[in-house]
Amino acid sequence: MTHPLAPIVLSDPRAIAGAGIDVLVIGSGTSGVTAGIELAGRGLRVALLEAGPLLLTEHVGSGPFANRGDFVPEIHDAVRYRTLWAKQADPAGAAAEPNNNAWAVVGGRTVFWGGCTPRFRDEDFAAWPYGADEMRPWYEKAERLMGVSGGDGSQVASSPFMAHAAQQRLMDRLGAAGIPSIHAPLGVDTRPVAQGHMSLGFDSSVSRLLRCPLFGRVENGARLSLAADTTALKLVLDGRAVKAVRVRHGGETFDIPARHVVMAGSCLQSVRLAMVSGLAELDPGIGCYVGDHLFRQAVLRLPEAIGEKSLYIFVPPTAERPYHAQIQGMFGETWYSPLHATVWLDGERDGRHLLFYCFGISTAERASRVVLRGDGAGIEDYYVVNERSPSDLATLAAMKTFTGEVAAGLGAELLRTEEHCAGSALHEYGGLRMGKDKDSSVTDPDGRFWRVGNLSCVDAATWPHQGSANSYLTITAVALRNASRLAATLAG
Ligand SMILES: Cc1cc2nc3c(=O)[nH]c(=O)nc-3n(C[C@H](O)[C@H](O)[C@H](O)COP(=O)(O)OP(=O)(O)OC[C@H]3O[C@@H](n4cnc5c(N)ncnc54)[C@H](O)[C@@H]3O)c2cc1C
């Protein structure tokens, strides 16, 4: 069923094909929209292609659904598909039941994400071709455009979304136990709703796109446009250049030409598209070194109700602890899934239960890679091979011990804790590694493919490694950086 807003905000991909587009961006999550707005702002004609439909015009938690824990999982189901992370590349692994989720929708995962926006620590950039100093201005710009709030004062942020006395009391208990914590940095705008300013709510790329004055229908001459329900099937190559992007829309397959193509389909989809387009024949490094955060979850019970509906505490990583923790509440006793990402908006004043998430840095080995299933042409036609390294297992064991320490520090009972499988943190990275040396990397430090002249990537596929921080903010900052540098080249 077509969204009633489609004739107003969406463009026909056939019109995009005839519009003399400078840059085609594949994907409308935060990486694609951030890059698209930046490129269009520099005078380029840009079109975004999105495989999924238009479903929501803002984050699911910014409107009435925030408090509808019954509706939210069903809204996810409208655009969610299943994926597989297997330990080995064997026929049984390839045929195994999927164990993870992915989403195809205008706005990508930004319509559902949980809002936590820490930065990487300076040390986390050790394996990157540039360091924390280079990233700082892009972080600042990304935080400004996302309306980040909270944190420890080191980010560009407005006042915390939640900072009540009960939250401070729990933070003091953790501090007394030697576990310093802060009000969680969140992509939720807390600037005053006054003088004509409305809160931006949760950051979401779909609302950022719709608010952008350059955005409109290509049929009306807009400089920045979007075609939904339009899947990029493959990149059509002419020697070492992309001639066009072959797409499927409404049962028809056709080519859209462009001067430059930007991949922003999310890490695994950008890798799959590169592989199905034959790029791994030009560069065997494509698809390798894929990782995701190590992920442990727990539910803790406090001795007392705190008398506040919601709280969100962040325990930063340290040099000794390559993992961080997020503590959210207040709830009845429930084991939440990622399909309840906004649970902390829907708390219970007399609840005593806290949701605990712990994310740890994983290693990305060359053997951790994307494998195509069948002809690899559909967005579900892949799986990931990923085996935990000895260093991952050591970090996971430390995260388990830390879970008990946090519970004890809060004076809470640890009711249940589980380690999740690889892929379930939804913070995947790698597969199109960037680097300074073209013999050991797929793209240059700006995400431009070494071996294909007019092709770039702006999502986490280019990351050589990760920090413990959730990825959204860093994806947005890197997309801004790469798009700005690309715009300078294309303008020339
Ligand atoms: C429930 C949930 C909670 C989360 N919580 C947090 C959090 O608290 N903090 C945090 O930092 N991160 C969080 N994340 C992760 C975060 O949302 C993602 O890391 C980030 O949004 C990824 O952005 P992206 O642009 O790379 O990809 P996506 O958001 O996945 O967008 C990619 C888009 O490209 C489209 N696409 C892919 N391939 C093609 C193709 N061939 N043709 C056309 N279109 C294509 C897809 O359909 C998709 O819509 C969460 C994610 C989820 C789902």
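Below: a short report on this structure.

### With respect to the overall build of the protein chain
Summing up its helical and strand segments, the protein chain has 12 helices and 19 strands in all. C-alpha atoms of the protein chain, sized along the principal axes, occupy 65 × 55 × 45 Å. Taken over 492 residues, the protein chain has a buried fraction of 59%. In the protein chain, once contacts between residues fewer than 6 apart in sequence are set aside, the share between residues at least 24 apart is 74%. Total accessible area on the protein chain is roughly 18,200 Å²; 52% of this is exposed by carbon and sulfur atoms. In the protein chain, 46 positive and 52 negative side-chain charges are present, and the distance between their average locations comes to 3 Å.

### Considering the sheet that holds strand 10 (residues 252-257)
Backbone-to-backbone hydrogen bonds join strands into a sheet, with any given pair of strands oriented parallel or antiparallel. Read from one edge to the other, the open sheet built from three strands follows the order 8-9-10, with strand pairing classed as antiparallel. Where the open sheet ends on each side, the last strands, each with one partner, are strand 8 (230-238) and strand 10. Each adjacent strand pair in this sheet contributes to an overall mean axis angle of 30 degrees, direction not counted. Here strand 9 (residues 241-249) pairs with strand 10 via six bridges, running antiparallel. The residue bridging Arg246 from the neighbouring strand is Asp255, located in strand 10.

### A short note on the environment of Gly108
Locating Gly108 in the fold gives a position in the loop between strand 5 (100-103) and helix 6 (132-146). Through-space distance from the C-alpha of Gly108 to that of Gly41 is 22 Å; in sequence the pair is 67 residues apart. With residues up to four places along the chain from it excluded, the contact list for Gly108 reads Ser28 and Gly29.

### Considering the nonpolar core
Ranked by size, the top nonpolar core spans 77 residues in total, and within it Leu24, Leu235, Val245, Met263, Leu432, Phe449 and Leu455 carry the most contacts. Looking at this core, the element that brings in the most residues is helix 9 (residues 267-276), giving seven residues. Those residues in contact with Leu24 that lie beyond four places of it in its chain are Ile16, Ala47, Leu49, Val245, Ile256, Pro257, Ala258, His260, Val261 and Val262. Of all hydrophobic cores here, the second largest spans 39 residues; its members include Leu10, Ala40, Leu54 and Val106.

### Quick notes on the side chain of Thr395
Along the polypeptide, Thr395 turns up in helix 11 (residues 390-410). Here Thr395 falls in the buried class, since its relative accessible area comes to 11%. Once residues within four sequence positions are removed from consideration, Thr395 is found in contact with Leu294, Pro322, Tyr323 and Ile361.

Reading guide: rules and limits
- Residues numbered from 1 in each chain as written.
- Predicted model: local features only at pLDDT ≥ 70, side-chain atom pairs only at ≥ 80, totals over all residues.
- Heavy atoms only, no water.
- Helix = DSSP H or I, 4+ residues; strand = E, 2+ residues; numbered from the N terminus.
- Buried < 20%, exposed > 50% of the residue type's maximum accessible area, 1.4 Å probe, protein only.
- Contact = heavy atoms within 4.5 Å.
- Areas by Shrake-Rupley, 256 points an atom, 1.4 Å probe, with all protein chains shown as cover.
- Lys, Arg positive; Asp, Glu negative; His and termini not counted.
- Charge placed at Lys NZ, Arg CZ, Asp CG, Glu CD.
- Pairing = 2+ DSSP bridges.
- Axes fitted to C-alpha atoms, helices over the stretch in contact; angles between N-to-C directions.
- Core = buried A, V, L, I, M, F, W, Y, C linked by side-chain atoms within 4.5 Å.

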